[in-house]
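Commentary on secondary and tertiary structure
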Amino acid sequence: MVIDTALVKPVVDALISILEKARGIKLKSSAEKSLTEAIRELLKASPNENYAAARIAVARAAGIISSDVVLAEEMLAKVKKAKKVAAKIAASKKPARKRVIAKKTAEKKQASKKKVLPN
């Protein structure tokens, strides 16, 4: 039985192209899943920014061009901005607390001095 190479090559090429298409479809499917995971992560009360950014990068690398990618990137930017604002507010509140504590301790010292003087 003689197999003609002229017949085998087109069949092998067709099989390879089908496998490559299937691999591409699987890659896009997994990238879409990772994008939904990123959006889900960003909707949490305390999201992990690095995880979400990595998932968005996976979707971009897979070549997904959709409104979901843009939405996820905007959400990530807003989360980062909100985190900066919260840190700035927290930093500005610390000195006020220290002033209140210092004021209370000064008042306590004055009150203790007043009690000691009349005796």
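Predicted model only: the values in this text are computed from it and were never measured.

Our next topic: the overall build of the protein chain. A tally of regular secondary structure across the protein chain gives three helices and zero strands. By residue count, 15% of the 119 residues in the protein chain fall in the buried class. In the protein chain, the proportion of contacts linking residues at least 24 apart, taken out of those at least 6 apart, comes to 63%. Accessible surface, the protein chain as shown: approximately 10,000 Å² in total, 64% of it carbon and sulfur.

According to the stated counting rule, one finds five salt bridges in the structure shown. A salt bridge links D13 to K9; its shortest N-O distance comes to 3.1 Å. Highlighted residues: D13 and K9, both in helix α1 (residues 5–42), separated by four residues, approximately one helical turn. We classify K9 as exposed; its relative accessible area is 53%. Between R60 and E73 there is a salt bridge, and its shortest N-O distance comes to 2.9 Å. Taken together, the positions of R60 in helix α2 (residues 49–61) and E73 in helix α3 (residues 67–116) put the pair 13 residues apart, joining distant regions of the chain. Relative accessible area serves as the criterion here: at 31%, E73 is assigned to the partly exposed category.

Turning to α2, a few remarks are in order. Spanning 13 residues, α2 covers 18 Å between terminal C-alpha atoms, matching the ideal 18 Å at 1.5 Å per step. Of the positions making up α2, those classed as buried are E49, A52, I56 and A59. One side of α2 carries all its buried residues, which in axial view fall inside an arc of 90 degrees. Set apart from the buried face of α2 by more than 90 degrees, the exposed residues are N50 and A61. The distance from a side-chain oxygen at the start of α2 to the backbone nitrogen of N50 is 3.3 Å, and the residue carrying that oxygen is N48. Following α2 by one or two positions, G63 adopts a phi angle in the positive range, close to 85 degrees.

Rules used in this analysis
- Residues numbered from 1 in each chain as written.
- Predicted model: local features only at pLDDT ≥ 70, side-chain atom pairs only at ≥ 80, totals over all residues.
- Heavy atoms only, no water.
- Helix = DSSP H or I, 4+ residues; strand = E, 2+ residues; numbered from the N terminus.
- Buried < 20%, exposed > 50% of the residue type's maximum accessible area, 1.4 Å probe, protein only.
- Contact = heavy atoms within 4.5 Å.
- Areas by Shrake-Rupley, 256 points an atom, 1.4 Å probe, with all protein chains shown as cover.
- Salt bridge = Lys/Arg side-chain N within 4 Å of Asp/Glu carboxyl O.
- Expected span 1.5 Å × (residues − 1).
- Arc of directions from axis to C-beta.
- Polar contact = N/O pair within 3.5 Å; in protein donor to acceptor, adjacent residues only side chain to side chain.

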